[in-house]
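# Results of the structural survey
Residue strings, one per chain:
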Amino acid sequence: MFTGIITGVGRIAAIDDLGSSQQHGKRLTITAPAGYLDDVGLGDSIALNGACMTVTSLDANAGHFTIEISAESLDKTAGLAQPGPVNLEKALRAQDRLGGHLVSGHVDGVGAVTRMAPVGESWELRILAPQALGKYLAYKGSITVNGVSLTVNTIEDRADGCELSINLIPHTVENTALHALKAGSRVNLEIDLIARYVERMLGAGKALP
């Protein structure tokens, strides 16, 4: 489990094939901020742009670690198939503060940025989410974008999906990889866990005779 509070911005420095076919995944080498890996061990979970991954090797002194990502995960996520900045969050500990909201690290869909522009001292981020996720999005509800816990300001159901707007304060822009987003960027989205369970409770048994 995670909270959506980014604890560091790393960078995908190298991508290596795990096999010769399209069914094979990749090995990613990620550089991390100084000291970030001091309390990390093999097998630990770290979310990369909101996708929970397992540390398969690391060199804390050199400040880098590797993960192995399947072809299926690459197909269902964004921003993990090419070098570039990534949001990092270590798995939640029992004694940690829950500063954002409960995040599983499982990407529910990939959205497209339609606007990333300054508004006053802040930034407005607009994202077109897949139509299937629209029913889980609500005014002032929680959404995870590339691993960052954020609050939905507006929603608009459209024929091609559900567009949501988010206000980003300067601290968030400066301390996450969201500053690199622009119109057309693809982002990983995770809906709120509560919305997922509400849908299940309301729909359970409806298809039974």
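Now for a quick tour of the structure. This one's a predicted model, so the numbers in the text were calculated from it and none came from an experiment.

What follows covers the layout of surface pockets. What the largest pocket holds in volume is close to 400 Å³. In this structure, the largest pocket is lined by 21 residues; those nearest its centre are Asn49, Gly79, Gln82, Pro85 and Arg186. No other element matches strand E6 (residues 84–90), which puts 3 residues into the lining of the largest pocket. The space that makes up the second largest pocket amounts to roughly 270 Å³. Around the second largest pocket sit 16 residues that line it, and Val148, Ser149, Leu150, Ile169 and Thr172 are the ones nearest its centre. When contributions to the lining of the second largest pocket are tallied by element, the ones reaching two or more residues are strand E10 (148–158), strand E11 (161–168) and helix H2 (170–175).

Counting residues in each nonpolar core, the largest one holds 25 residues, and the members touching the most others are Leu125, Ile127, Val145 and Ile166. Put simply, the parts of the chain that give this core at least two residues each are strand E7 (109–119), strand E8 (122–129), strand E9 (142–145), E10, E11 and strand E12 (186–191). The biggest single contributor to this core is E11, with 4 residues. Ignoring any residue separated from it by four or fewer positions in sequence, one finds Val145 in contact with Leu125, Ile127, Leu150, Ile166, Leu178, Val187, Asn188 and Leu189. With 19 residues, the next largest nonpolar core counts Leu37, Val40, Leu80 and Leu88 among its residues.

About the criteria used
Residues numbered from 1 in each chain as written. Predicted model: local features only at pLDDT ≥ 70, side-chain atom pairs only at ≥ 80, totals over all residues. Heavy atoms only, no water. 1 Å grid on protein atoms, 1.4 Å probe; cavity = no way out; pocket = protein on both sides within 12 Å on 5 of 7 lines; lining within 4 Å. Points joined across faces, edges and corners; volume = space filled by probe spheres on them. Helix = DSSP H or I, 4+ residues; strand = E, 2+ residues; numbered from the N terminus. Core = buried A, V, L, I, M, F, W, Y, C linked by side-chain atoms within 4.5 Å. Buried < 20%, exposed > 50% of the residue type's maximum accessible area, 1.4 Å probe, protein only. Contact = heavy atoms within 4.5 Å.

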